Amino acid sequence: MNRLRKLPWKLRYVYGERMASRFRRRMLLLTNMHADVRIAKNTRLGPGFRLYMPEGGAFIVHPGCDFRRDFVCEIYGGGTVEVGAGTTFTSSAFLQITTRLTIHPRSAFGQATQIVDGNHRWRDPDVHMFDQGYDYTPLEMGPGAMVFSKCTVFASLGERAIVGANSLVSKPVPPYCFAAGSPARVIEYYGRPENRPEGLEVG
């Protein structure tokens with residue numbers, strides 16, 4: 001009797017999601033044959049997963065990743081996004097990459113995370129912002145990095161770096177540091193004392 005009760009749950013949340021994820025993966029591979037798209041078979045691609053790669057580029061996902069809902073990745077100019085094994089994106093993530101974004105294994109990104117490797121130039125008062133071009137910086141998210149909800153990230157994160165909710169990361173966050181705020185600043189270092197970055201300011 002218990003097995004019968006669990007059957008609708010399994011059909012919806014186990015078999016159904018697994019089949020839908022496989023279908024999304026096949027469609028992504030089929031519609032992006034002009035690009036280098038490699039997604040491990042045991043990756044979950046939730047509803048709303050979208051890739052936009054009009055100029056090619058690469059999107060590489062290693063095993064065990066979980067893209068739960070409404071993940072959008074835009075890759076321009078032949079850029080590359082590589083997602084390490086066991087990484088999780090919860091919901092409504094937005095990635096916009098023109099150079100390279102490397103996410104190391106077992107990182108986690110909360111709801112409404114935005115990661116962008118470029119920003120408008122705007123300082124010339126005689127030229128409209130749209131005509132001044134962009135500044136780009138390749139980004140790296142260290143192993144085990146964690147970004148909480150509603151954050152915008154323009155800079156790299158070190159190993160096990162943590163970013164508090166509602167933060168704007170405009171400068172790199174060192175390994176084993178907790179940073180928060182807009183702009184984000186390091187509030188706490190929690191790594192081994194002997195590994196503390198030289199000159200690190202906290203608070």
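The residue count restarts for each chain, going from 1 along the sequence in the order it is written. Side-chain atom pairs in this predicted model are given and counted only at pLDDT of 80 or more, local residue features only at pLDDT of at least 70, and totals for whole chains, interfaces and linings cover all residues. Neither water nor hydrogens contribute to the side-chain values; these are computed over all heavy atoms in the structure.

**Student:** Can you lay out the packing of aromatic side chains for me, pointing to particular residues and giving the numbers?
**Tutor:** The aromatic pairing rule takes the rings of Phe, Tyr and Trp, using the six-membered ring of Trp, and pairs them if the centres are within 6.5 Å, calling planes under 30 degrees apart stacked, those over 60 edge-to-face and the rest tilted. Evaluation of the coordinates by the stated rule reveals eleven aromatic pairs. Relative to Phe-59, the ring of Phe-49 has its centre 6.1 Å away and its plane inclined at 70°; by these criteria the two rings are edge-to-face. One end of the pair, Phe-49, is in the loop between β2 (44–45) and β3 (50–52); the other, Phe-59, is in strand β4 (residues 58–61), with ten residues separating them in the sequence. As far as the burial class goes, Phe-49 and Phe-59 line up, both buried. With a centroid separation of 5.8 Å and an interplanar angle of 25°, the aromatic rings of Tyr-134 and Tyr-136 are classed as stacked. Members of the aromatic cluster, joined through ring pairs, are Phe-49, Phe-59, Phe-67, Phe-71, Phe-89 and Phe-109. Each helix is a run of H or I in the DSSP string that is no shorter than four residues. Each strand is a run of E no shorter than two, and both are numbered from the N terminus. Burial classes: relative accessible area under 20% of the type maximum marks a residue as buried, over 50% as exposed, and values in between as partly exposed (1.4 Å probe, protein chains only).

**Student:** Tell me what's going on with the layout of surface pockets, and back it up with residues and numbers.
**Tutor:** Put simply, the grid is 1 Å and covers the protein atoms alone, a cavity is a trapped set of points that fit a 1.4 Å probe, a pocket is an open set with protein on both sides within 12 Å along at least five of seven lines, and lining residues have an atom within 4 Å of a point. Grid points are joined across faces, edges and corners, and a volume is the space filled by probe spheres set on the points. Empty space within the largest pocket amounts to approximately 210 Å³. Tyr-76, Gln-96, Thr-98, Gln-114, Val-116, Asp-117, Gly-118, Asn-119, His-120, Tyr-134, Tyr-136 and Phe-154 together form the lining of the largest pocket. Looking at the lining of the largest pocket, the elements with two or more residues in it are β12 (114–116), β13 (118–120) and β14 (134–136). A total of three residues in the lining of the largest pocket trace back to one element, the largest contributor, which is β13. In this classification, the charged set is Asp, Glu, Lys and Arg, the nonpolar set is Ala, Val, Leu, Ile, Met, Phe, Trp, Tyr, Cys and Pro, and all remaining amino acids, among them Gly, are polar. Its residues assigned to classes, the lining of the largest pocket shows five nonpolar, six polar and one charged.

**Student:** For the environment of Ile-97, give the residues involved together with the corresponding values.
**Tutor:** With respect to the helices and strands, the residue Ile-97 is situated in strand β9 (residues 94–97). Taking the relative accessible area as the measure of exposure, Ile-97 reaches 0% and is therefore buried. Each C-alpha atom, one on Ile-97 and one on Gly-57, is 9.9 Å from the other, the two residues being 40 residues apart in sequence. We call two residues in contact whenever any of their non-hydrogen atoms come within 4.5 Å of each other. In contact with Ile-97, other than residues within four places in its own chain, are Glu-74, Ile-75, Tyr-76, Thr-80, Val-81, Ile-115 and Asp-117.

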